[in-house]
Amino acid sequence: MPMSGHNVPSGYWPRSAAGDCRELERHMSMLNAPALHRLRRTAGGLAGALAMGGVLFAATPAQALAAQPAQPYGTVTSPAGLNVRQFPSTDSSVVSFLGYGQQVGLTCKVRAQNVDGNTVWYLMRGSSHERWISARYVANTGTVPYCNSVLSSAATAQVQGQHPNAKG
């Protein structure tokens, strides 16, 4: 029996592919007309790109919508992702995880435990507690200062009763 809306003879598809197609058609029937049109247009463009020998790079929705953080920032280069640690050491607790390609703001860097030949660790920006990532698996954009200069100026300003980010 041909599938609805297609000129494909019965038995053309292997049993599993035919079942998959019927399942896809069942789900597509639940879409409204504009959504279905966008889906077909996107699928056609993707198929055309592949037919021309193109390579597709997919971004997760969060990556597609997220703007780049202010410089300096880092981009995770490890396909397996990257553990975020409480302190700049692999012996320290894992407090979070960053996926491949994820971008994060960087405050400063220190020299600490050697990870595959790289002794630099970055302090991530914008957290109430310290979060560290190994520079071995991060491509930085912009100049990342050493923490002794950044943190000592912030401490000096606080001792003098000033907020470290205050103007004037």
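Bear in mind the structure is a predicted one, so any value in this text is a computation, not a measurement.

Undergrad: Give a description of the overall build of the protein chain that names residues and reports values.
TA: When its secondary structure is counted, the protein chain shows four helices and seven strands. Secondary structure of the protein chain in N-to-C order comes out as α-α-α-β-β-β-β-β-β-β-α. In the protein chain, which comprises 168 residues, the proportion classed as buried is 23%. Here the protein chain displays about 11,600 Å² of accessible surface, and carbon together with sulfur accounts for 57% of that area.

Undergrad: Before we move on, can you summarise the nonpolar core with the specific residues and values?
TA: Judged by nonpolar contacts, the single largest core of 13 residues is most densely connected at Leu 98, Val 104, Leu 106, Tyr 122, Met 124 and Ile 133. Where this core is concerned, the elements lending two or more residues are β2 (82-85), β4 (103-115) and β5 (118-124). Sort the elements by how many residues they give to this core and β5 lands first, with three residues. In this structure, Ile 133 is in contact with Leu 82, Asn 83, Val 84, Leu 98, Val 104, Leu 106, Trp 121, Tyr 122, Met 124 and Val 138, ignoring residues within four places of it in sequence.

Undergrad: Go over the side chain of Thr 75, please, and point to the residues and values.
TA: In this fold, Thr 75 is placed in strand β1 (residues 73-76). Looking at Thr 75, its side chain comes within polar contact range of the side chain of Gln 103, at 3.4 Å. In this structure, Thr 75 is in contact with Gly 101, Gln 102, Gln 103, Tyr 137, Val 138 and Ala 139, ignoring residues within four places of it in sequence.

Undergrad: Just give me the short version of the state of the cysteines, but keep the residues and values in it.
TA: Scanning all chains against the criterion turns up one disulfide. With its sulfur 2.0 Å from that of its partner, Cys 108 forms a disulfide with Cys 147. Sign of the S-S torsion, about 90° for the bond between Cys 108 and Cys 147, identifies this disulfide as right-handed. Remark: Cys 147 occurs in helix α4 (residues 147-159) and Cys 108 occurs in strand β4; sequence separation between them is 39 residues. For the pair Cys 108 and Cys 147, a shared accessibility class is recorded, and that class is buried.

Undergrad: Before we move on, could you go through the pairing of β1 and cite the residues and values that matter?
TA: Along β1, one buried face is formed by Tyr 73 and Thr 75 and the opposite face, lined by Gly 74 and Val 76, is buried too. In this structure, β1 lies alongside β4, joined through three bridges in antiparallel fashion. Of the residues in β4, the one forming a bridge with Tyr 73 is Gly 105.

Undergrad: Explain the packing of aromatic side chains to me, using residue names and the numbers behind them.
TA: Aromatic rings considered in pairs are described by the distance between their centres and by the relative angle of their planes. By the definition in use, this model includes zero aromatic pairs. The aromatic ring of Tyr 146 is capped on one face by Lys 109, whose charged end is 4.7 Å from the ring centroid.

Undergrad: Provide a residue-level description of the confidence of the model for the protein chain, including the pertinent values.
TA: Across the protein chain, pLDDT averages 72, with 49% of residues at or above 70. Scored below 50 in pLDDT, residues 54-65 shows eight contacts in the model against residues more than four places distant or in partner chains.

Undergrad: Tell me about the environment of Val 94, residues and numbers included.
TA: Among the secondary structure elements, Val 94 is positioned in strand β3 (residues 94-98). Residues Val 94 and Arg 131 lie 37 residues apart in sequence; the distance between their C-alpha atoms is 9.1 Å. If near-sequence neighbours (up to four positions away) are discounted, Val 94 is found in contact with Asn 83, Val 84 and Arg 85.

Undergrad: Explain unusual backbone geometry residue by residue, including any values.
TA: A cis amide bond links Gln 71 to the next residue, Pro 72, at an omega of -5°. Mapped onto the elements, Pro 72 comes out in the loop between α3 (61-65) and β1.

Undergrad: A description of the side chain of Ser 134 should follow, citing residues and the corresponding values.
TA: If you trace the backbone, Ser 134 turns up in strand β6 (residues 132-134). For Ser 134, the contacting residues outside a window of four places in its chain are Leu 82, Val 115, Val 120 and Trp 121.

So, how was this worked out
Residues numbered from 1 in each chain as written. Predicted model: local features only at pLDDT ≥ 70, side-chain atom pairs only at ≥ 80, totals over all residues. Heavy atoms only, no water. Helix = DSSP H or I, 4+ residues; strand = E, 2+ residues; numbered from the N terminus. Buried < 20%, exposed > 50% of the residue type's maximum accessible area, 1.4 Å probe, protein only. Areas by Shrake-Rupley, 256 points an atom, 1.4 Å probe, with all protein chains shown as cover. Core = buried A, V, L, I, M, F, W, Y, C linked by side-chain atoms within 4.5 Å. Contact = heavy atoms within 4.5 Å. Polar contact = N/O pair within 3.5 Å; in protein donor to acceptor, adjacent residues only side chain to side chain. Disulfide = S-S within 2.5 Å. Pairing = 2+ DSSP bridges. Phe/Tyr/Trp six-rings, centres within 6.5 Å; stacked < 30°, edge-to-face > 60°. Lys NZ or Arg CZ within 6 Å of the ring centre and 35° of its normal. pLDDT = per-residue confidence, 0-100.

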